[in-house]
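What follows is the residue order along each chain.
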Amino acid sequence: MHSLKGLPHKDCMSLFIKRALKKGEEQRYPHLIEIGEDIVNKCGGVPLAVATLGSMLYLNREPDRWLSVRDDDMWSIGNDHILPALKLSYDALPQHLKPCFAFCSLFPKDFEYYSESLVDLWVAQGYLKTCKKNEDLGKMGMDYIRQFCSRSLFQVENDFKTIMMFKMHDLVHDIAISVAQTEYSTVNFRPSSAFEMVRHVSISDKDMLGQEAQVPDFIFKSTKLRSFLIPSRAGKMMNQRFVKTCISRFKYMRVLDLSGSPLEKLPSSIGSLFHLRFLDLSSNDKIKRLPNSICNLLNLESLILRQCTALEEIPKDIGNLINLRSLAITAQQKYLPKGISRLTSLQLLHFFGCVNLMTLGEEIQFLTNLRRLGISNCENLESLPPNMKLLTALHSLHIDECKKLDLMKTREGPQGLRSFIICVSDLEVLPPWLEDSAKVLQSITVAGCDNLTELPELQKFTFLEQLLIGSCSNLLALPQGLHCLTELRELEINDCPKLSKSCKRQLKGGDWSKFAREAKITLDSDVDTDEEEDKDEGAFDDHNAISSDNN
């Protein structure tokens, strides 16, 4: 067996400086560079350790802070280079981020986190605190996530500005488990004693490998359980008896995840869980009706009914859930209940596979705190509400596979969109009401729109940072003035060979040279290009993204 060599010291220093300092600052802080050399030596050539500590020290110019990292007693524990570095990064977290990080230990390794779901779970536990009524907790949670990313504790998979997908490195996950202690438990990392101290439990497919599908007995020894999670839809082990036992025994439950369960009926006693904040029934293909007692859960903040394909309708009294912030629906009904207009705390609303839904109705326009609206696979939906400008807080609109949806019927669009995503649509041009958000829109994603032949002139979109285009076979050229957008940092074109070739020609023009140097540009892999060096130089740095958000 051969031992893998670490990254050469020169490369480690280059990575460390890139993470810890802004471009060109190394000349101004020679003393910090000297201390940095010692820190990098302690990392043993492990890139993750180098990147994590560099990210942790970013924007900190105090020599004493750098010296405290170099001289910390943590380095004397064992011969491992990476775990001390990661533990130092955890110890340096602000106090309000530490429980959020520990909560991630409940998910299996290599799990892909979705920002909206994770933030909803943090909110349910009270980890995001604010004194303001109707504060955008989604935005606050995204700020937390970006702080973890800036410290290299989360690894970004996809970033659409208002939503993100990310993972944790296995070793970072090990740190999360080590700091979580007895309050957090998975089947494989259950405490050997003090079961009564367990507050949060998760069960995944990986936990149950080689075992019969049954809920471990140790869970019932904790009388004050607050969270029961099934992160990978391993809910096939759930049955009516187990759910009834949970409801009767765990009166302090805040999070109940029954996703993927084979339940045919949800017990009406669910309405007795006064403290419940988060209820996930997604991926259930048997439940036809929900008990109306679910509308007694006045503290409920998140209700996830995604892919409940047999569900005939959502409860008529859903308007009673006045604290509901997040609602995801799959149901068979054609029209939404009138009571939905009373959900004035709602910040996220997602319709998924509502195949009979024909209209969102005028009720949606009363949801003035709505931040994110998603509509996916609603094949009979014909139009959005005509006056979307009434949704004054809306900043993210995601539409996917809604073939009959005519965006042109909307007279006035929202004026505060920061992210617009349209996928698998027959539209020929982007809706003109997008210009209503021209002064704030940051990200546009267009994919699977074969009838789209041109994009609008985008010079008015002065804050556009990201343009992602995929599988638009008839889109032949980018707008001429695109290179004038000074904030544009990422241009990605996938499965559009004609557009990629046209873009390559445009990038050779003198007017586009500055844009080509400063932006991250990704073209179809089969397109011959000689701009690789420029592309590498223009790669968008995570730190710059975060510092610009804070300015």
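Notes on the structure follow. (Residues numbered from 1 in each chain as written. Predicted model: local features only at pLDDT ≥ 70, side-chain atom pairs only at ≥ 80, totals over all residues. Heavy atoms only, no water.)

1. Quick word on unusual backbone geometry
1) Next: In the Ramachandran plot, Ser283 falls in the positive-phi region, its phi being about 60 degrees despite a non-glycine side chain.
2) Next: Positionally, Ser283 belongs in the loop between β8 (278-280) and β9 (302-305).
3) Next: With a phi close to 55 degrees, Asn377 is a non-glycine residue in the positive phi region.
4) Next: The topology assignment puts Asn377 in the loop between β12 (372-376) and β13 (396-400).
5) Next: Given a relative accessible area of 26%, Asn377 falls into the partly exposed group. (Helix = DSSP H or I, 4+ residues; strand = E, 2+ residues; numbered from the N terminus. Buried < 20%, exposed > 50% of the residue type's maximum accessible area, 1.4 Å probe, protein only.)

2. Quick look at the environment of Gln125
1) Next: Along the chain, Gln125 falls in helix α7 (residues 115-125).
2) Next: Spatially, the C-alpha atoms of Gln125 and Phe278 are 9.2 Å apart, while their sequence positions differ by 153 residues.
3) Next: Among all residues touching Gln125, those that are not within four sequence positions of it are Phe103, His200, Arg226, Ser227, Arg254 and Val255. (Contact = heavy atoms within 4.5 Å.)

3. Comments concerning the pairing of strand β14 (residues 419-423)
1) Next: Of all 5 residues that make up β14, 5 are buried, and the element is covered over most of its length.
2) Next: Burial of the side chains of β14 extends over both faces: Ser419, Ile421 and Cys423 are buried on one face and Phe420 and Ile422 on the other.
3) Next: Across 5 bridges, β13 lies against β14 in parallel orientation. Looking across to β14, one finds that Leu397 is bridged to Phe420.
4) Next: Judged from the 5 bridges that link them, β14 and strand β15 (residues 443-447) form a sheet pairing that is parallel. Its bridge partner being in β15, Ser419 is matched across the sheet by Ser443. (Pairing = 2+ DSSP bridges.)

4. Concerning the nonpolar core
1) Next: Residues Leu327, Leu349, Phe351, Leu384, Phe420 and Leu467 are the most contacted members of the largest nonpolar core, which totals 101 residues.
2) Next: With 4 residues, helix α10 (residues 240-249) is the single largest residue contributor to this core.
3) Next: In this structure Leu349 touches Leu327, Ile329, Ile364, Leu367, Leu370, Arg372, Leu373 and Gly374, once residues within four positions along its chain are discounted.
4) Next: Core analysis: the next-biggest nonpolar cluster, separate from the first, contains 70 residues, Cys12, Leu53, Leu106 and Ala180 among them. (Core = buried A, V, L, I, M, F, W, Y, C linked by side-chain atoms within 4.5 Å.)

5. Here we look at the pairing of strand β3 (residues 164-167)
1) Next: Side-chain alternation along β3 places Met164 and Phe166 on one buried face and Met165 and Lys167 on a second face that is also buried.
2) Next: Direction of pairing for strand β1 (residues 113-114) relative to β3: antiparallel, over a ladder of 2 bridges. Across the sheet, residue Tyr113 finds its bridge partner in β3, namely Phe166.
3) Next: Examined bridge by bridge, strand β2 (residues 155-159) and β3 share 4 bridges and lie antiparallel to one another. By the bridge assignment, Val156 is partnered in β3 with Phe166.
4) Next: Taking the residues between adjacent antiparallel strands as the criterion, β2 and β3 are bridged by 4 residues, where Lys161 takes a positive phi near 75 degrees.

None of this, on its own, says anything about what the molecule does.
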